[in-house]
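Residues per chain are reported as follows:
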Amino acid sequence: MSRRVRRKVARKGKNNEVLPSYPEIEDEDSHPDEKVQVDWTKLPDDTVIQLFSCLNYRDRASLSATCRTWRILGSSPCLWQSLDLRAHKCDATAAASLASRCVNLQKLRFRGPESADVIINLQARGLCEISGDYCRKINDATLSVIAARHEVLESLQLGPDFCERITSDAIKAIAICCSKLRKLRLSGIRDVDGEAINALAKHCGALTDIGFIDCLKVDEVALGNVVSVRFLSVAGAPSMKWGVATHHWGKLPNLTGLDVSRTDVVPTAVSRLLSSSQSLKILCALNCPALEEDSSFVTNNNKGKLLFASFTNIFKGLNSLLAGTTMKERNVFSNWRNSKKKDKNLDEIMTWLEWILSHSLLRIAESNPQGLDDFWLNQGAALLLNLMHSSQEDVQERAATGLATFVVVDDEHASIHSGRAEAVMRDGGIRFLLNLARSWREGLQSEAAKAIANLSVNANVAKAVAEEGGINILANLARSMNRMVAEEAAGGLWNLSVGEEHKCAIAEAGAIKALVDLIFKWSTGDGVLERAAGALANLAADDKCSMEVAVVGGVHALVMLARNCKFEGVQEQAARALANLAAHGDSNSNNAAVGQEAGALEALVQLIRSPHEGVRQEAAGALWNLSFDDRNREAIAAAGGVEALVALAQSCSNASPGLQERAAGALWGLSVSETNSIAIGREGGVAPLIALARSDSEDVHETAAGALWNLAFNAGNALRIVEEGGVPALVRLCSSSASKMARFMAALALAYMFDGRMDELALVGTSSESTSKSVSLDGARRMALKHIEAFVLTFSDPQAFGAAAVSSAPTALTQVTESARIQEAGHLRCSGAEIGRFVIMLRNPFSILKACAAFALLQFTIPGGRHAVHHVNLLQNAGAPRVLRAAAAAATAPLEAKIFARIVLRNLEHHQMELQAKE
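Residues numbered from 1 in each chain as written. Predicted model: local features only at pLDDT ≥ 70, side-chain atom pairs only at ≥ 80, totals over all residues. Heavy atoms only, no water.

A. Main features of the side chain of His150. Looking at the secondary structure, you find His150 in the loop between α6 (140–149) and β8 (155–158). Its relative accessible area of 2% is what places His150 among the buried residues. (Helix = DSSP H or I, 4+ residues; strand = E, 2+ residues; numbered from the N terminus. Buried < 20%, exposed > 50% of the residue type's maximum accessible area, 1.4 Å probe, protein only.)

See the structure below:
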């Protein structure tokens, strides 16, 4: 790719709307005819400075380091009039290195108390504007020193989170030190007393914009003394005395805009404010329940004054401010921005409205109150989209964050409101969000990526994002050196990767390597690590993408997370990613690769013991998938997997079906090895598996039945199953489970248990009550055989069996095969010992066991089955054809056994002919 620096000119979009210009990274192929060669060393100084102005601070510093000339140009005062420290961890050393450049600094944005302390060391005494967020821990001392060091300060904004440690004392210090203050907006202060507000009125004669937002207590009388104020917001204030407020604020001579959104303001107070104030033009009262619930409130008798509430037409009101406009109503903000006739008073009103609306809409979206669906669909979404075009960067960011927030209806389950998401898409929001994401401003990149991520939970929006080139944009942002930007981009890729149709495009954009690199780059960032691991987990579910994950070092990265990260969300997604990497069986080598990665199996076994259910579930799922590899199976057991999984099964009787399924599944996988099977029995794994077999979930039925089937191969385990009450549980599965596979494996487990091998051990017994156990064993055998027979007969079509009995035509046997086939049984893989046991069972004195054995061998040898050739070879080695012919011809054998034996013989012949044809 090549970087092209665009000139800062306006670009016209649809409806002749002028869009702000943002430098973008574009493909060379987008302008194939342009072959201009640039000698960067000979660019004019002003061009280089323009180039610097289009870069973020990190890139600006990197470029300055290339040569002496550019280092001098990179320090030009015009490049350092504003500074955004939010994305950077700043300390005294960093401040000292910046100080020489910040002599002429005018505007500063920061995040957190550490950066607030650094402001003092920048020595930027000419600062006019300071804006800080995440200021919860900033105290009076820090804020007072900032005020004392910046006497020409005109604007101070702290929020939107609560400034709990700031008191009225700091506000008095600001008033005394900053006499030129024009704008003061503070959030979440506990008490703004009259003495502090009167100090502002006395010392700050130019103070026209005040915001005491979400403040618990504000002195209403004292606010009436700030005669210079034009714009006032007490949004979110919970305990206002509205009678006092309306009496004093109605007398303010210059009050033009008042914001009482998210308060308990009553209709009478609103009416009194609108009627008593001579100067008031706009009253914002969004999400004020007492006002909205009064159906008798009249809004059209305000003498030309505007009330903005969820039940009024805000766009119509805004248009009335632009006298003579005939443009489309919803384009009011762009009409104002593009107007050639400039009106200073109107500009101040509209600028304030942009800020107030963006703040209120975001706060309302965060609380997600009931009953606002119509407002969001009819006005809210469109307002946020309009505000994204603002020239105020913080308004743009809040609008993007508002779009990211208002669509979410259930954050825990990532559920979004499809109507709201599609309203954003319908109004062109996706394209503009992607344009914002291309901005060089990292704050905009972060918030735009967050909005794209949340909206992309909706499949239609995800498709639109992909079609608009959003995958490449997010992949580029995932490579950002700014952790917040990379985190939100990874979140977007996580949500987009849910769709199977997007996985290949994400891989082609190089996003898989970018996601893996994030894990190594941000080893302590829980948010970015969770999102990166989550996206990789989704991508690893695709066979081709899983191979790419492995190629770029994803196995090592994910194992590193599983071993070292303590954050539950990261652990869960890392385990899920490893589970998906290991889920492709024979199609690639990732299963073995995960098992061979140092510490992988030990880490997953350790995660089995996590207090967080999601972590336990995904770790158990990973061990289940990994246990399909013989080497992994033994290594898991060596790492303590048997003990951990038995303990998990014992503890998850009241857990989610997902955890139960994976716990039983992992034990099923481990129990393929008879050594492990015996160990599971000795560790007490039989009883919890029997309990899981009684689950109401058919998925749990399958894994529990599979594990008990494997365990029952060993006579000692078979006896334990009987002693622990497992026969009734297996009988229930065999007769009533909605899963054919669960019924099949339960029948096989019962057949193993009562084919005679357990009898000798039962006579010896595991206690002194051997005689009573022998008697109970007979009853259990009768119950088991009865239900095995009933199970086999459910696959017996009398008409088809009758036709097959009198005819040797292939079509007759094919009809029986199709009616008897259990599709999922083709995925089961038996060992030579298991196949040999079924062959021996064909000679069992109990006729129903003969029929069950023949039925099982039919399932395992059906042509096209995943392991059919493997099973045929094992049957040939065990001399099965002779036994099958004897079973098919036996006069005393049941009809089902004869027919099923004939079908198995035909399957063997089919595979033999295929083998000869290949040779």
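B. Fine view of helix α44 (residues 798–806). Residues of α44 that are buried include every one of Ala800, Phe801 and Ala804, and no others. What you see down the axis of α44 is that its buried residues fit within an arc of 95°, all on one side. Opposite the buried face of α44, at more than 90 degrees from it, the exposed residues are Pro798, Gln799 and Val806. Of the surrounding secondary structure, the elements contacted by the buried residues of α44 are α45 (810–820) and α50 (895–918). (Arc of directions from axis to C-beta. Contact = heavy atoms within 4.5 Å.)

C. Spotlight on the pairing of strand β9 (residues 183–187). Among the five residues in β9, four count as buried, and that is most of the element. As paired elements, β8 and β9 share four bridges and run parallel to each other. Note that in β9 the partner of Leu156 across the bridge is Leu184. You can see the chain leave β8, run along helix α7 (residues 168–177) and come back into β9, and the turn it takes is right-handed. Here β9 pairs with strand β10 (residues 209–213) via five bridges, running parallel. Counterpart to Leu184 in the pairing with β10 is Ile210. Taken together, β9, helix α8 (residues 194–203) and β10 constitute a β-α-β crossover, and its handedness is right-handed. (Pairing = 2+ DSSP bridges. Right-handed = clockwise from strand over helix to strand, strands pointing away.)

D. A look at the side chain of Thr861. For Thr861, the position within the fold is in helix α47 (residues 847–861). Here Asn907 takes part through its side chain, which lies 3.0 Å from a polar atom of the side chain of Thr861. The residues touching Thr861, leaving out its near neighbours within four places in the chain, are Ala868, His871, Val872, Leu875, Val904, Asn907 and His911. (Polar contact = N/O pair within 3.5 Å; in protein donor to acceptor, adjacent residues only side chain to side chain.)

E. How the structure looks around the packing of α44 against α45. Between α44 and α45, the least distance of the axes is 8 Å, while the angle of their chain directions is 150°. As summarised for this structure, α44 and α45 are arranged roughly antiparallel, according to the angle between their axes. Relative to α45, the crossing made by α44 is left-handed. Residues Ala800, Phe801, Ala803 and Ala804 of α44 touch α45, and the partners they reach there are Ala812, Leu813, Gln815 and Val816. (Axes fitted to C-alpha atoms, helices over the stretch in contact; angles between N-to-C directions. Parallel < 35°, antiparallel > 145°, perpendicular 65-115°, else oblique. Left-handed = near helix turned anticlockwise from the far one by under 90°.)

F. Expanded view of the pattern of salt bridges. As enumerated under the stated definition, the model contains 29 salt bridges in all. Across the pair Glu393 and Arg109 runs a salt bridge, and its minimum N-O distance is 3.9 Å. Placement of the pair is Glu393 in helix α17 (residues 393–406) and Arg109 in strand β6 (residues 107–111), with a sequence separation of 284 residues. Taking the shortest distance from any N to any O, the salt bridge between Lys513 and Asp517 comes out at 3.0 Å. With Lys513 and Asp517 both in helix α25 (residues 511–521) and four residues apart, the pair spans about one turn of that helix. Each member of the salt-bridge network shares a partner with another, and the members are Asp84, Arg86, Arg109, Glu393 and Glu397. (Salt bridge = Lys/Arg side-chain N within 4 Å of Asp/Glu carboxyl O.)

G. Molecular detail of unusual backbone geometry. Of note, the bond from Gly159 into Pro160 is cis; its omega dihedral lies within 30 degrees of zero at 15°. Tracing the backbone through its elements, the reader meets Pro160 in the loop between β8 and α7. In this structure, Arg262 is a non-glycine residue whose phi angle is positive, near 60°. With respect to the helices, strands and loops of the structure, Arg262 is situated in the loop between β12 (257–259) and α11 (267–276). With a phi angle near 50°, Asn368 is a residue other than glycine that sits in the positive phi range. Following the sequence through the fold, Asn368 ends up in the loop between α15 (344–367) and α16 (373–387).

H. Representation of the sheet that holds strand β13 (residues 282–284) within the structure. Spatial strand order, β5-β6-β7-β8-β9-β10-β11-β12-β13-β14: 10 strands in an open sheet with parallel pairing. Looking at the sheet topology across the chains shown, the edges are occupied by β5 (82–84) and β14 (306–308). Across the sheet, the mean angle separating the axes of adjacent strands is 10° when strand polarity is ignored. By the bridge criterion, five bridges tie β6 to strand β7 (residues 129–133) in an arrangement that is parallel. Each residue of the ladder has a partner; that of Phe110, found in β7, is Gly132.

I. Quick peek at the packing of aromatic side chains. On inspection of all chains with the given rule, the structure shows 17 aromatic pairs. Taking 5.5 Å as the distance between ring centres and 85° as the angle between the ring planes, the aromatic pair formed by Phe801 and Phe900 counts as edge-to-face. Of this pair, Phe801 sits in helix α44 while Phe900 sits in helix α50, and the two are 99 residues apart along the sequence. Of the two residues, Phe801 and Phe900, neither departs from the other in class, the shared state being buried. (Phe/Tyr/Trp six-rings, centres within 6.5 Å; stacked < 30°, edge-to-face > 60°.)

J. Structural detail: the packing of α25 against helix α28 (residues 554–564). Their axes nearest at 10 Å, the elements α25 and α28 cross at an angle of 40°. In terms of orientation, α25 lies oblique with respect to α28. Like other packed secondary-structure pairs, α25 and α28 cross with a definite hand, here left-handed. Only Gly554, His556, Ala557, Leu558, Met560 and Leu561 of α28 make contact with α25, whose side of the interface consists of Val516, Ile519 and Phe520. A class-by-class count of the residues in the contact of α25 with α28 yields seven nonpolar, two polar and no charged. (Nonpolar A, V, L, I, M, F, W, Y, C, P; charged D, E, K, R; others polar.)

K. Focus on the pairing of β7. In terms of burial, β7 is a largely internal element, four of the five residues being buried. Judged from the four bridges that link them, β7 and β8 form a sheet pairing that is parallel. Residue pairing for β8: Ser131 is matched across the bridge by Gln157. Once the chain exits β7 it traverses α6 before rejoining the sheet at β8, and the crossover so formed is right-handed.

L. Looking closely at helix α33 (residues 630–638). Asn632, Arg633, Ile636 and Ala637 are the residues of α33 that are buried. One face of α33 carries all of its buried residues, which in axial projection span an arc of 135°. Every exposed residue of α33 that faces more than 90 degrees away from the buried side is listed here: Asp630, Arg631 and Ala638. Each element contacted by the buried residues of α33 is listed here: α30 (590–596), α31 (600–607), α32 (613–626), α34 (641–651), α35 (657–670) and α36 (674–682). The N-cap of α33, judged by a side-chain oxygen 3.0 Å from the amide nitrogen of Arg631 a few residues on, is Asp629. Where α33 terminates, the next one or two residues include Gly640, which has phi positive at roughly 90°.

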